[in-house]
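# Report on the structure
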Amino acid sequence: YIENLESGYGIGSSRYNADPVNYEITDGVRLLSISREAMTRLISWSTLYKLYEFDEPTNAGLIAQRIWTELEAISHFQDWHPSHYLDTAELAYPVAIAYDWLYDYWSASQRATIEGMLYGFALKTTTALGGSYSLSSATNNWNGVCNGGIMAAALALVNVNNSITWKSNSTAVANHGEQAFTAT
């Protein structure tokens, strides 16, 4: 697994050297392909960062810089396309992971940028915080993905604003909890 991760996403790989994702509704309806590419990149690089953090600090720093390049590009998106909420949730989750796993690496300014994205592009779009998206209580996979992405974003910000975390997670858990164990 680690060898595949390093060859696919490590320093010098084509994905490492690729341009950051950009805001593009590729099919005219969804940002989903962009969200999923960002998710794959950010989770893979965050995993590599954690693998390198103590034994290979130079490589960890290079990976962290690449993660920041991706996050900075995402921070300039006009939104995370909440009209197709799967797009929003699938960006919220990896941004929350990158924020949390590299928390000690980020500068105060970088943390503030990431916190702003998680709040403004994800949490604020839910009805729990005055937005228009009602956290799904659907019985399909959207429930777990959408509520899971919002829960990850809210938990990442627990030390920044506990009331946001409480409102977002209590709503998401209530909606997800009823469907999580329903046999279909």
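Relevant structure appears above.
Residues numbered from 1 in each chain as written. Predicted model: local features only at pLDDT ≥ 70, side-chain atom pairs only at ≥ 80, totals over all residues. Heavy atoms only, no water.

### Topic: the nonpolar core
Among the nonpolar cores identified, the biggest contains 46 residues, and Ile67, Leu71, Ile74, Trp80, Ile114 and Leu118 are the most heavily contacted of them. Elements represented by at least two residues in this core include exactly helix H1 (2-9), helix H3 (32-52), helix H4 (57-75), helix H5 (85-101), helix H6 (108-122) and helix H7 (141-156). No other element matches H5, which puts nine residues into this core. When sequence neighbours within four positions are dropped, the list of residues in contact with Ile114 reads Trp68, Leu71, Val95, Tyr99 and Trp106. (Core = buried A, V, L, I, M, F, W, Y, C linked by side-chain atoms within 4.5 Å. Buried < 20%, exposed > 50% of the residue type's maximum accessible area, 1.4 Å probe, protein only. Helix = DSSP H or I, 4+ residues; strand = E, 2+ residues; numbered from the N terminus. Contact = heavy atoms within 4.5 Å.)

### Let's talk about H5
Across its 17 residues, H5 extends 24 Å between first and last C-alpha, which sits within 8% of the 24 Å expected from 1.5 Å per residue. When you tally the buried positions in H5, you get 14 out of 17 residues, the bulk of the element. (Expected span 1.5 Å × (residues − 1).)

### Brief notes about unusual backbone geometry
The backbone of His81 shows a phi angle near 55°, a positive value even though the residue is not glycine. Looking at where His81 falls in the secondary structure, it is placed in the loop between H4 and H5.

### Points about the pattern of salt bridges
Counted by the stated rule, this structure contains seven salt bridges. With its nearest N and O atoms 3.8 Å apart, the salt bridge here joins Glu37 to Arg15. Residue Glu37 is located in helix H3, and its partner Arg15 is located in helix H2 (residues 14-17); the two are separated by 22 residues in the primary sequence. For Arg15, a relative accessible area of 33% puts it in the partly exposed group. One salt bridge connects Glu70 with Arg41, and the closest N-O pair in it is separated by 3.1 Å. (Salt bridge = Lys/Arg side-chain N within 4 Å of Asp/Glu carboxyl O.)

Function-wise, these values are silent; they only describe arrangement.
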